[in-house]
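Residue-level structure breakdown
Chain by chain, the residues run as shown.
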There are 2 protein chains.
Amino acid sequence: MTKNILLTISYDGSGFHGWQKQPGQKTVQGYLEETFSRLFNREILLSGTSRTDAGVHAFAQRASFKTDISIPVERLAMVMNNALCGREKTSFGLSPVRIVDAVEMPDDFHARFSCKGKEYIYKIKAGGPDADSVFNRNYLYYVKGSLDVDKMDEAAKKLVGRKDFKSFEASGGNPRETTVREIFEAGVTGKEDGIIEFHVSGDGFLYNMVRIMTGTLVEIGRGKYEPEYIETITEACDRRLAGHTAPPFGLYLAKVFY
Amino acid sequence: MTKNILLTISYDGSGFHGWQKQPGQKTVQGYLEETFSRLFNREILLSGTSRTDAGVHAFAQRASFKTDISIPVERLAMVMNNALCGREKTSFGLSPVRIVDAVEMPDDFHARFSCKGKEYIYKIKAGGPDADSVFNRNYLYYVKGSLDVDKMDEAAKKLVGRKDFKSFEASGGNPRETTVREIFEAGVTGKEDGIIEFHVSGDGFLYNMVRIMTGTLVEIGRGKYEPEYIETITEACDRRLAGHTAPPFGLYLAKVFY
């Protein structure tokens, strides 16, 4: 009997050319499909929720697949993790990709088409590289100088709502019907360890949207623009008004809503 | 005029075959000497304090070198970091190795022979791999089950003193006159983020000594032995009595004393 299985997946994106399978590139989807197809001795094809870019991480990517494997779904994450760890010769067998959870879903569920929204977190460290940046260079965006977190938070909150976010879209994305999206929540907070986090959730995101929002917030944090400038950028529907595209390494897919 | 310069260096050891230069291997010493020799257009040969193993990290490795370069020593770290970052095509130019500091020393100073002691930190996470382990797999030792931190700390304190540490030495190290070393301080503490840290300082360390001490403390934390067993192991001068060798990835060279 065919089951429809939904996986929750965390990964360190720094060694991957993004989620989506591409010939000749190491991608998360390719790595998982290869491992699981060999493990279950049949073709496993995953539908992922978000096509994260090269270098982007995930706390909780989702992917669904249909299969007739007989193994109980409660044991699936463990069996898959053992197979993933077995591929890694270094790191004492810990894999850059981990199956956090596996559950069975109704037949008509699809990880991408059933998705109601996503939350991303972008992690920034102000003050430029330091002794610790050797360990965090693939996980944080090191920004020189200081950032005004309150102004960044004020600006982030102005992103909330149903709007045309064309100004925050990079060229080169997939075709889309509209550039209108709804941002549910957005905010910037300073953490105790000096890391500044931008949290943003919405019903969908345009190509590089979170990274362009982050670059714009960084420029506001530096005092280049006032928080109100977010409204000017958004209304203009012109990418040239927004800030730079922040690098992929600080970005994490944090949650998927169904 | 020849200057004698001392560098403080932090590095992510996960991509390196240790500190010491070896033909055909990517090592920290080799990477730095290559970069600096090209930068200053003359041969730069570094004397490092500690030959860290493959995968071992450093917050503050030290290395000295003699040179007739004319650049002011206050500008040296910046110039070197620019050259190191310039080599990296990925990570948006942040290097896995960073010069934290550069100072001029008296002519008879030598980073290794003038060293009076070192401090290491070993980082452990109990409970086995989780969603976050994809990010920390090269930086923490993931141990399954729970650990009794108080018992580990009690055991660690029994390592302190001037003793023959032959039981905590792996074979295959460099020739040494004696296996007697002095441990100045040792302790195990649980941090808020769930990370357990073993701190140990001493006048010198035998081959794999900190990693074997860590493996032994982990076995005590699991309840396999009582803290007093540390004394039995030490007195026996027999490697077979001590615990397993913990993996290199949790180990950090934290301080060098002069």
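Below or above, wherever it landed, is the structure these notes cover. (Residues numbered from 1 in each chain as written. Chains lettered and ligands numbered in written order. Predicted model: local features only at pLDDT ≥ 70, side-chain atom pairs only at ≥ 80, totals over all residues. Heavy atoms only, no water.)

All right, on to the relation of the copies chain A and chain B then. Superposing chain A onto chain B requires a rotation of 180° together with a translation of 0.0 Å along the rotation axis, leaving an RMSD of 0.0 Å. Classification of the inter-copy transformation places it as that of a two-fold axis. The residues that chain A uses at the interface reappear at the interface of chain B in 100% of cases, marking a shared surface. (Least-squares fit on C-alpha atoms with pLDDT ≥ 70 in both. Contact = heavy atoms within 4.5 Å.)

Each partner contributes to the interface: chain A provides 29 residues, whereas chain B provides 29 residues. Here chain A packs against chain B, burying approximately 2300 Å² in sum over the two surfaces, 70% of which is carbon and sulfur. Three residues stand out in chain A for area buried against chain B, namely A:Leu94, A:Phe135 and A:Arg137, and they jointly supply 28% of the buried area on that side. Inspection of the region where chain A meets chain B yields two salt bridges. Across the salt bridge formed by B:Arg137 and A:Asp12, the nearest N and O atoms sit 3.1 Å from each other. Connecting chain A to chain B are four residue pairs in polar contact (both at pLDDT 80 or more). Only β1 (3-11), β3 (57-67), β4 (97-105) and α3 (133-136) of chain A provide two or more residues apiece to the side of chain A that touches chain B. For the side of chain A that touches chain B, a count of residues per class yields 18 nonpolar, six polar and five charged. (Buried area = accessible area lost by both parts, 1.4 Å probe. Salt bridge = Lys/Arg side-chain N within 4 Å of Asp/Glu carboxyl O. Polar contact = N/O pair within 3.5 Å; in protein donor to acceptor, adjacent residues only side chain to side chain. Helix = DSSP H or I, 4+ residues; strand = E, 2+ residues; numbered from the N terminus. Nonpolar A, V, L, I, M, F, W, Y, C, P; charged D, E, K, R; others polar.)

This part covers a negative patch on the surface. Residues A:Asp148, A:Asp150, A:Glu154 and A:Glu228 make up a contiguous surface patch of negative charge. One can find A:Glu228 in the loop between α5 (209-221) and α6 (229-236). (Patch = residues over 30% accessible without salt bridge, like charges linked within 9 Å, V, L, I, M, F, W, Y side chains within 5 Å. Areas by Shrake-Rupley, 256 points an atom, 1.4 Å probe, with all protein chains shown as cover. Lys, Arg positive; Asp, Glu negative; His and termini not counted. Charge placed at Lys NZ, Arg CZ, Asp CG, Glu CD.)

Structural remark: α-helix, 3.6 residues per turn; residues separated by three or four positions point the same way. With 15 residues, helix α2 (residues 73-87) of chain B should cover 21 Å at 1.5 Å per step; its first-to-last C-alpha distance of 22 Å lies within 8% of that length. Along its buried surface, α2(B) packs onto β1 (3-11), α1 (28-40), β3 (57-67) and β4 (97-105) of chain B. (Expected span 1.5 Å × (residues − 1).)

Residue and element names in this part refer to chain B. By the criterion of burial, β3 is predominantly enclosed, with nine of the eleven residues buried. Alignment of strand β2 (residues 47-48) against β3, held across two bridges, turns out to be antiparallel. Each bridged residue has a counterpart across the sheet, and for Gly48 the counterpart in β3 is Ala63. Across two bridges, β3 lies against strand β10 (residues 251-257) in parallel orientation. (Buried < 20%, exposed > 50% of the residue type's maximum accessible area, 1.4 Å probe, protein only. Pairing = 2+ DSSP bridges.)

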